Amino acid sequence: MPGTDRTRAPAAPPLEWWLFALALAVYAVTRGIGITRFPTFFFCDEALQGNLASQLLENNFRDHTGTLLPPYFLNDRRWAVSLSVYVHLIPVWLFGKSVACVRLTSAAVTLLGAAAGGLALKEMRNRFWWTAPLLVGITPLFFVHARLGFESAMMASFFFCFLWAYFVYRNRDPRWVFAALFFGACTFYAYTAGQGVMLVTGLALLFSDLRYHLRQKKALLAGALLFAVLLALPYVRYRRLHPRVVRDQLAVLDSYWLHKVPLSEKLREFGTNYAAGLDPRYWFLPNDKEFARHRMDGLAFLPPVFLPFIAVGIFVCLRKFIRSPLHRAVLLTPLGVPFSGAAANIQILRLLAMIVPAVLLTAVGLDQVYTWLARWRVRYAVFSAACAAALALHCAYLTRAALLYGPTWERDYGLYGIQWGAPQVFRAIHEELARSKNSRVLVSSTWANNPAEFIFFFLTPAERARVAIGDIRAWNERETGLAGNEIFVMTPSEYQLAKSRPKFVVPPSIRSIPYPDGRPGFRFVRVRYAPNA
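Note that this is a predicted model, so its numbers are computed, not measured.

## Considerations on the overall build of the chain
In step 1: Helix and strand counts for the chain come out as 24 helices and 9 strands.
In step 2: Computed over its C-alpha atoms, the radius of gyration of the chain comes to 26 Å, within 12% of the 24 Å expected for a compact globule of 533 residues.
In step 3: With the principal axes as the frame, the chain shows a C-alpha extent of 90 × 55 × 50 Å.
In step 4: Residue burial in the chain is summarised as follows: out of 533 residues, 54% are buried.
In step 5: Sequence-distant contacts in the chain: of pairs separated by 6 or more residues, those separated by 24 or more amount to 76%.
In step 6: Counting only carbon and sulfur atoms, one obtains 63% of the accessible surface of the chain, whose full area is about 24200 Å².

Set out below in structure tokens:
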């Protein structure tokens, strides 16, 4: 019977499998095509993934501190990168470090997540389970982040995988508890926000399905408990290696939890942030408070067309809350998403896992809408074909818009904008180093969060010895020696500063790199002090 725990997912008609294959193909193509062109920037956190994987291979699987198979890696001032580095190991070993390699690796993991989302819906006997890759594909939120080398997209994708494995365990095969635990651990270790996602979701599913768990064989429960302990060991090791890590991370984020205010005030702030992460206005209205590099121009994180289907999906899940454990689980999944993000200011990277309940609830609502339409003799094949065509065309539209217009959606290309220019700048640096064997290049520090990562990502060891981070403002503030072979890579504001100071002699630029909108961007200049400086 449909309400029992051991209901087997029905065999899908051939049409649904064909549509699922089409959906995966559309998703793969629209994530991969032009992946080095959009997003138009290449961020330091993306370079970090390739750098850490490369260093791990070069150092016999030890990090810079000598730790063998480190549970977490240092990202600037935080020990906050973990599983994603190991995911990048094989691609970096096979293909080396490149923008395409880092981003395609991340996109491949999101493809796995999109497929798992469909298979999770299939366990729910949802007739539109095959739409999951397309529903993921048309969300501006995931269109951007699935094409980036950030670990947050991996976390959301593993969360899809966790729910699929849990649904199989809960629905028909208790042995899948091991797969559920494995993918839950992947969600936990993929990104720091995943820790809160799995803490809240895991506890909710543990207690909501407690009777089912306790009915399993003792050998299975013992094996699952032992496996969970093994999966927790890297985190235990991490806390032993870095005992102050949680406090240090909160300090970097300037979290209110470390402020000297009453506990009641901290709890109020947490509640406010937590509620903001669930607020539909945050998700379904364009949000210009987030950095432009995390959004598409003029578009909300989730398509507004999802909203009525999600509302219907919530209604269906509430109606089936008691008798359907899978619908109950879907309704519980949003609760863990804002938990970690609420510890500081709400920021979209920390909330990326919301794509999971959004897609599942949309598909549940879509299935219910078709149930109503079927009373009017709307054929499933016709309705499905129309849905597939509309969703696929929208995926293609987003891809075309991003590749054609994405470079000029945001015209702040500096530190507080999209931080554009790393591949272009370092390609030019490589050429200048080859052209002049005695030149030394000083790259501005003011246009990106951590530009030193780009030196290790794009340049060979021999080239790195001749390149450093250097800002012309330092030479302006105090007299610093110049050997005469330095090439300064300057932003427009730094170039104007140098030109305006009589202490500097600023000859014509060796080369310039314009911004995507055609304005002057980076300049390569051999600055020197004036004789009377």
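## Here we look at the pattern of salt bridges
In step 1: Counted according to the given criterion, the structure contains 17 salt bridges.
In step 2: One salt bridge connects D517 with R519, and the closest N-O pair in it is separated by 2.7 Å.
In step 3: Each of E431, E432, R435 and R511 takes part in one network of salt bridges that share partners.

## With respect to the sheet that holds strand β4 (residues 467-469)
In step 1: Taken together, the 5 strands give an open sheet; going across it, the order is β4-β3-β5-β8-β7, and neighbouring strands pair in mixed fashion. The sheet terminates laterally at β4 and β7 (511-513), the two strands that pair on one side only. Looking at each pair of strands side by side, their axes are set apart by 20° on average, direction ignored.
In step 2: The sheet contact formed by strand β3 (residues 440-443) and β4 spans 3 bridges and is parallel. Bridging from a neighbouring strand, V441 pairs with V467 of β4.
In step 3: Of the strands in this sheet, β3, β4, β5 (486-490), β7 and β8 (522-525) are in contact with helix α20 (residues 422-435), which crosses β7 at around 165°.
In step 4: Here helix α24 (residues 492-500) sits on the sheet in contact with β5 and β8, set at roughly 125° to β5.

## Considerations on the nonpolar core
In step 1: Of all hydrophobic cores here, the largest spans 141 residues; its most connected members are W130, W283 and I429.
In step 2: In terms of residues, this core owes the most to one element, helix α7 (residues 151-171), which gives 14 residues.
In step 3: Once residues lying within four places of it in the same chain are set aside, the contact partners of W283 are L141, G277, L278, A300, F301, L302, I348, L351 and M354.
In step 4: If you look at the next biggest cluster of nonpolar residues, it comprises 13 residues, including Y495, F504, V525 and Y529.

## Remarks on the environment of F61
In step 1: With respect to the helices and strands, F61 occurs in the loop between α2 (44-58) and β1 (73-75).
In step 2: For the pair F61 and Y86, spaced 25 residues apart in sequence, the C-alpha separation works out to 9.9 Å.
In step 3: The residues contacting F61, other than those within four sequence positions of it, are L56, T67, L68, L69, P70 and L89.

## Examining a nonpolar patch on the surface
In step 1: A surface patch of nonpolar side chains, about 650 Å² in accessible area, is lined by L199, L203, L206, F207, L210, L214 and F339.
In step 2: Every element with two or more residues in the nonpolar patch is listed here: α9 (193-208) and α10 (210-214).
In step 3: For the nonpolar patch, the element with the highest residue contribution is α9, accounting for 4 residues.
In step 4: Residue placement: L210 occurs in helix α10.
In step 5: The exposure class assigned to L210 is partly exposed, which follows from its relative accessible area of 33%.

## Some thoughts on the pairing of β5
In step 1: Across the 5 residues of β5, 5 count as buried, placing the element largely inside the fold.
In step 2: Here 3 bridges tie β5 to β8, and the two strands are oriented antiparallel to one another. If you follow M490 over to β8, its bridge partner there is R523.

## Concerning helix α15 (residues 306-319)
In step 1: Given a rise of 1.5 Å per residue, 14 residues ought to cover 20 Å, and the 20 Å separating the end C-alpha atoms of α15 matches this to within 8%.
In step 2: Looking only at α15, the buried set comprises F306, I310, V312, G313, V316 and C317. Along the axis of α15, the buried positions cluster into a sector of 165°, meaning they face one direction only.
In step 3: Where α15 is buried, its residues touch α5 (132-137), α14 (280-284), α16 (325-332) and α18 (355-374).

## Quick look at the packing of aromatic side chains
In step 1: Scanning all chains against the criterion turns up 49 aromatic pairs.
In step 2: With a centroid separation of 6.3 Å and 80° between ring planes, the pair formed by F41 and F43 is classed as edge-to-face. There is no split in this pair, since F41 and F43 are both buried.
In step 3: Pairing F270 with Y274 gives two aromatic rings, centres 6.0 Å apart and planes at 25°, and the pair type is stacked. You can see F270 and its partner Y274 sitting in helix α13 (residues 263-278), 4 residues apart, about one turn around the helix.

## A few points about the state of the cysteines
In step 1: Scanning the model with the defined rule gives 0 disulfides in all.
In step 2: Its sulfur unpaired, C161 is 8.0 Å from the next cysteine sulfur, which belongs to C186.
In step 3: On the basis of relative accessible area, C161 is assigned to the buried category, the value being 1%.
In step 4: Free cysteine C317: the closest other cysteine sulfur is in C387, separated by 18 Å.
In step 5: On the basis of relative accessible area, C317 is assigned to the buried category, the value being 0%.

## Observations concerning the packing of α2 against helix α3 (residues 83-95)
In step 1: Interhelical geometry of α2 versus α3 gives an angle of 75° and a closest axis separation of 8 Å. The angle between α2 and α3 places the two elements in the roughly perpendicular class. Together, Q49, G50, L52, A53, S54, L56 and L57 of α2 and S84, V85, Y86, H88, L89, V92 and W93 of α3 make up the contact between the two elements.
In step 2: Per-class residue counts for the contact of α2 with α3 are 9 nonpolar, 5 polar and no charged.

## Topic: α7
In step 1: Helix length check: α7 (21 residues) gives 30 Å between terminal C-alpha atoms against 30 Å at 1.5 Å per residue, within 8%.
In step 2: The buried fraction of α7 amounts to 20 of the 21 residues, a majority that puts the element mostly inside the structure.

## So, the environment of L225
In step 1: Here L225 is to be found in helix α11 (residues 218-241).
In step 2: Of the residues examined, L225 reaches a relative accessible area of 58% and is grouped as exposed.
In step 3: Distance in space between the C-alpha atoms of L225 and L181 is 9.6 Å, their sequence separation being 44 residues.

Rules used throughout
Residues numbered from 1 in each chain as written. Predicted model: local features only at pLDDT ≥ 70, side-chain atom pairs only at ≥ 80, totals over all residues. Heavy atoms only, no water. Helix = DSSP H or I, 4+ residues; strand = E, 2+ residues; numbered from the N terminus. Rg over C-alpha atoms; globule rule 2.2 N^0.38 Å. Buried < 20%, exposed > 50% of the residue type's maximum accessible area, 1.4 Å probe, protein only. Contact = heavy atoms within 4.5 Å. Areas by Shrake-Rupley, 256 points an atom, 1.4 Å probe, with all protein chains shown as cover. Salt bridge = Lys/Arg side-chain N within 4 Å of Asp/Glu carboxyl O. Pairing = 2+ DSSP bridges. Axes fitted to C-alpha atoms, helices over the stretch in contact; angles between N-to-C directions. Core = buried A, V, L, I, M, F, W, Y, C linked by side-chain atoms within 4.5 Å. Patch = residues over 30% accessible without salt bridge, like charges linked within 9 Å, V, L, I, M, F, W, Y side chains within 5 Å. Expected span 1.5 Å × (residues − 1). Arc of directions from axis to C-beta. Phe/Tyr/Trp six-rings, centres within 6.5 Å; stacked < 30°, edge-to-face > 60°. Disulfide = S-S within 2.5 Å. Parallel < 35°, antiparallel > 145°, perpendicular 65-115°, else oblique. Nonpolar A, V, L, I, M, F, W, Y, C, P; charged D, E, K, R; others polar.

Note that every value here comes from positions in space, so none of it alone points to a role or purpose.
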